[in-house]
Amino acid sequence: MSHLWHLAFHSGMSASSDLRAAVDVGVPIGVVAPLLSLSKIFLALPRHLDAGGSVFMDSGAFAAFQKSEGIIWERVFTKYESVILMTTNPQGLSIVAPDVIGDQIATLKLWTEHANRVKRWIDQGVRVIVPLQRGNLCAAEMLELAKQTFGTDRFCAGIPSNLEAMSAEDCSTLFHSDFHVLGRVILTEELERKLGALKANNPEANYTADANWLRARTKKISVEANSLSPDRSMGLGDTKRTRAVRNILRQEAYVSLLA
């Protein structure tokens, strides 16, 4: 099955040099909220959104899961809400609702605890991605509980793709208008099966995804940066790293239907 995402976010752009490159090229940007400085929250990301750009803000739950660490959700929410406050285009912002990787019960508890806050984000026009974690309930049951908890279906259903990922069979139980695949953009056989199951029931839905664009290009970026002349900078902050990422992004950015 051939597939192009409506939007494919280039995650991993939380560092200043990488974020500047992504903004310059104008690609959909993915960042992790706990890693963001004040200048990114109050200036760089809102300006990108105001210019018509698209931003995906992750909560950092997956990284915390990998490290067996907890999350201070108030800090995450404060960064979400600062960007929302500073932009005139909250519709371009996608944020991930609180969840615990692979734990339905803990995720449902977080949904209930923070339901009013999530509702407010949705009412402000933000695209809220609600991850449907695996457990005793099937994906359709989790989706229905999300609708009940938040009092609306105007959110995006998040489909985990890495550890504790949802199966194609589970995907086939879902009926919704907006889906986001968390953590993978490039299609594998498994992801093609999942998308096939989703599209069979939801052919007109919106489909987006995010993945760390930088990780697979670390060596290429280093080689490119070392080859650049220092006197070709475009001004303060335009480092060799920024120029290298910008050059490679122009050649190898993810393909989006809305780009």
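The paragraphs below set out a description of the structure included in this document. (Residues numbered from 1 in each chain as written. Predicted model: local features only at pLDDT ≥ 70, side-chain atom pairs only at ≥ 80, totals over all residues. Heavy atoms only, no water.)

Our focus in this paragraph is the overall build of the chain. A tally of helices and strands in the chain yields 11 helices and eight strands. Relative to the compact-globule value of 18 Å for 259 residues, the chain shows a C-alpha radius of gyration of 18 Å, a close match. Viewed in the frame of its principal axes, the chain has a C-alpha envelope of about 60 × 40 × 35 Å. Looking at the chain residue by residue over its 259 residues, the buried ones come to 50%. Taking as baseline every contact in the chain between residues at least 6 positions apart, the subset at least 24 positions apart corresponds to 70%. When the accessible surface of the chain is summed, it comes to about 12,200 Å², and 53% of that surface belongs to carbon and sulfur atoms. Between the mean site of the 28 positive side-chain charges and the mean site of the 27 negative ones, the chain shows a separation of 8 Å. (Helix = DSSP H or I, 4+ residues; strand = E, 2+ residues; numbered from the N terminus. Rg over C-alpha atoms; globule rule 2.2 N^0.38 Å. Buried < 20%, exposed > 50% of the residue type's maximum accessible area, 1.4 Å probe, protein only. Contact = heavy atoms within 4.5 Å. Areas by Shrake-Rupley, 256 points an atom, 1.4 Å probe, with all protein chains shown as cover. Lys, Arg positive; Asp, Glu negative; His and termini not counted. Charge placed at Lys NZ, Arg CZ, Asp CG, Glu CD.)

Quick look at helix α2 (residues 38-50) now. In a regular helix each residue adds 1.5 Å, so 13 residues correspond to 18 Å; α2 covers 17 Å between its end C-alpha atoms and thus fits that length. Within α2, the axis deviates most sharply at A44, by approximately 25 degrees, and proline P46 lies no more than four positions further along. Of all the residues in α2, the buried ones are K40, I41, L45, P46, H48 and L49. If you follow the buried residues of α2, they end up packed against α1 (16-25), β2 (29-32), β3 (55-58), α4 (73-86) and β4 (93-96). Two residues or fewer after α2 comes G52, characterised by a positive phi angle close to 95 degrees. (Expected span 1.5 Å × (residues − 1). Bend = angle between axes of the 7 residues up to and from the residue.)

Once their charged atoms are close, side chains differing in charge can pair, the charge on each being opposite to the other. The tally for this structure, following the rule as stated, stands at 12 salt bridges. Of the charged contacts in the structure, one is a salt bridge between D123 and R154, with a shortest N-O distance of 3.2 Å. With D123 in helix α6 (residues 115-123) and R154 in the loop between α7 (139-150) and β6 (156-160), this pair connects stretches of sequence that are 31 residues apart. An identical accessibility class is assigned to D123 and R154; each is exposed. Of the charged contacts in the structure, one is a salt bridge between K220 and E252, with a shortest N-O distance of 2.5 Å. One end of the pair, K220, is in helix α10 (residues 218-227); the other, E252, is in helix α11 (residues 240-252), and 32 residues separate them in sequence. By relative accessible area, which is 23% here, E252 ends up partly exposed. Here the residues in one salt-bridge network are R20, D24, D238 and R246, joined through shared partners. (Salt bridge = Lys/Arg side-chain N within 4 Å of Asp/Glu carboxyl O.)

Once that is clear, we can look at the packing of α1 against α11. The geometry of α1 relative to α11 is characterised by a closest axis approach of 8 Å and an angle of 40 degrees between their N-to-C directions. With respect to each other, α1 and α11 are oriented oblique. Along this stretch, α1 crosses α11, giving a crossing that reads as right-handed. Residues S17, D18, R20, A21, A22, D24 and V25 of α1 pack against R241, T242, V245, R246, L249 and R250 of α11. Across the contact of α1 with α11, the residue classes break down as five nonpolar, two polar and six charged. (Axes fitted to C-alpha atoms, helices over the stretch in contact; angles between N-to-C directions. Parallel < 35°, antiparallel > 145°, perpendicular 65-115°, else oblique. Left-handed = near helix turned anticlockwise from the far one by under 90°. Nonpolar A, V, L, I, M, F, W, Y, C, P; charged D, E, K, R; others polar.)

Glancing now at the environment of C156. When you line up the elements, C156 lands in strand β6. In this structure, the C-alpha to C-alpha distance between C156 and E113, residues 43 residues apart in sequence, is 19 Å. Every residue in contact with C156, bar those within four places of it in the chain, is listed here: R127, V128, I129, V130, H176, D178, F179 and H180.

Here we take up the layout of surface pockets. Reported here for the largest pocket is a volume of approximately 1,100 Å³. Together, 45 residues line the largest pocket, and V32, D58, G60, F62 and A63 are the ones closest to its centre. Sorting the residues of the lining of the largest pocket by element identifies β2, β3, α3 (61-66), α4 and β8 (206-212) as the ones contributing at least two each. It is α3 that contributes the most residues to the lining of the largest pocket, five residues altogether. Of the residues belonging to the lining of the largest pocket, the class tally is 23 nonpolar, 13 polar and nine charged. (1 Å grid on protein atoms, 1.4 Å probe; cavity = no way out; pocket = protein on both sides within 12 Å on 5 of 7 lines; lining within 4 Å. Points joined across faces, edges and corners; volume = space filled by probe spheres on them.)

All right, on to the pairing of strand β7 (residues 178-182) then. Regular strands place their side chains on alternate faces of the sheet. With five of five residues buried, β7 lies mostly within the body of the structure. Neither face of β7 is open: one carries D178, H180 and L182, the other F179 and V181, and all of them are buried. By the bridge criterion, four bridges tie β6 to β7 in an arrangement that is parallel. Bridged to A157 within β7 is F179. (Pairing = 2+ DSSP bridges.)

All of the buried residues along α6 are A115, R117, V118, W121 and I122. Buried residues in α6, looked at end-on, bunch into an arc of 165 degrees, giving them a common side. Along α6, exposed side chains directed more than 90 degrees from the buried face belong to N116 and D123. Looking one or two residues past α6, G125 carries a phi angle of roughly 95 degrees, positive in sign. (Arc of directions from axis to C-beta.)

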